[in-house]
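Analysis of the macromolecular model
Chain residues, written in single-letter form:
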Amino acid sequence: MILNRLIVPEGNNLVFDINHTVDGEKYQLKENETYYMKVGEKNSPYNILTTFESESAHFEVNSELSFGEYVFEIGINDGNLGVVILPAFDEKNRPLNQLLVLRRL
């Protein structure tokens, strides 16, 4: 049951926005907070391949990931433990968020 899917051609920048609301209002990052995106292997919630950070809800990063299927989680890094707001897997270890990197022809 994939809830969120990001698709990017191999070698292109990954561009997306996080729609994060709290109590019906758009969340504003506090001082020293950043959003992060952790990308991991599709079958392992603990094998993180790369992490991206953004000081806003807008991400534009060069993923440098090769062709394939990955999972991702989104969270807020507050300089300590961080808070997951969109987990990669559900309680039964099923992927929730998928990142597809398409092969270039």
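Everything here concerns the structure above.
How each quantity is defined
Residues numbered from 1 in each chain as written. Predicted model: local features only at pLDDT ≥ 70, side-chain atom pairs only at ≥ 80, totals over all residues. Heavy atoms only, no water. Helix = DSSP H or I, 4+ residues; strand = E, 2+ residues; numbered from the N terminus. Rg over C-alpha atoms; globule rule 2.2 N^0.38 Å. Buried < 20%, exposed > 50% of the residue type's maximum accessible area, 1.4 Å probe, protein only. Contact = heavy atoms within 4.5 Å. Areas by Shrake-Rupley, 256 points an atom, 1.4 Å probe, with all protein chains shown as cover. Lys, Arg positive; Asp, Glu negative; His and termini not counted. Charge placed at Lys NZ, Arg CZ, Asp CG, Glu CD. Polar contact = N/O pair within 3.5 Å; in protein donor to acceptor, adjacent residues only side chain to side chain. 1 Å grid on protein atoms, 1.4 Å probe; cavity = no way out; pocket = protein on both sides within 12 Å on 5 of 7 lines; lining within 4 Å. Points joined across faces, edges and corners; volume = space filled by probe spheres on them. Nonpolar A, V, L, I, M, F, W, Y, C, P; charged D, E, K, R; others polar. Salt bridge = Lys/Arg side-chain N within 4 Å of Asp/Glu carboxyl O.

Let us now look at the overall build of the protein chain. The helix and strand inventory of the protein chain stands at zero helices and ten strands. Beginning at the N terminus, the succession of helices and strands in the protein chain can be written as β-β-β-β-β-β-β-β-β-β. In terms of overall dimensions, the protein chain is globule-like: its C-alpha atoms have a radius of gyration of 14 Å, near the 13 Å expected for 105 residues. Referenced to the eigenvectors of the C-alpha coordinate spread, the extents of the protein chain come out at roughly 40 × 30 × 25 Å. For the protein chain, with 105 residues in total, the buried portion stands at 35%. For the protein chain, contacts bridging at least 24 residues in sequence account for 62% of all contacts bridging at least 6. In the structure as shown, the protein chain presents an accessible area of about 6900 Å², 47% of it carried by carbon and sulfur atoms. On the protein chain, the mean spot of the 9 positive side-chain charges and the mean spot of the 16 negative ones are 10 Å from each other.

Within the secondary structure, Asp90 sits in the loop between β9 (83–86) and β10 (97–102). The exposure class assigned to Asp90 is buried, which follows from its relative accessible area of 13%. For Asp90, the side chain forms a polar contact with the side chain of Arg94, separated by 2.7 Å.

What follows deals with unusual backbone geometry. At Asp23, a position not held by glycine, the phi torsion is positive, near 55°. By secondary structure assignment, the location of Asp23 is in the loop between β3 (21–22) and β4 (25–26).

Time to look at the layout of surface pockets. Space inside the largest pocket adds up to approximately 170 Å³. What lines the largest pocket is Asn4, Arg5, Leu6, Phe16, Asp17, Ile18, Asn19, His20, Phe72, Ile74, Ile85 and Leu86. For the lining of the largest pocket, the secondary structure elements donating two or more residues are β1 (4–9), β2 (13–17), β8 (68–77) and β9. Take the lining of the largest pocket: its biggest share by element is three residues, from β1. Tallied by class, residues from the lining of the largest pocket come to seven nonpolar, three polar and two charged.

The next thing to look at is the pattern of salt bridges. Under the definition given, this model contains two salt bridges. Across the pair Glu69 and Lys42 runs a salt bridge, and its minimum N-O distance is 3.9 Å. Within this pair, whereas Glu69 is found in strand β8, its partner Lys42 is found in the loop between β5 (34–41) and β6 (48–54), the two being separated by 27 residues in sequence. A relative accessible area of 35% means that Glu69 is categorised as partly exposed. Across the pair Asp90 and Arg94 runs a salt bridge, and its minimum N-O distance is 2.7 Å. Since its relative accessible area comes to 37%, Arg94 is described here as partly exposed.

Nothing here speaks to function; it is all geometry.
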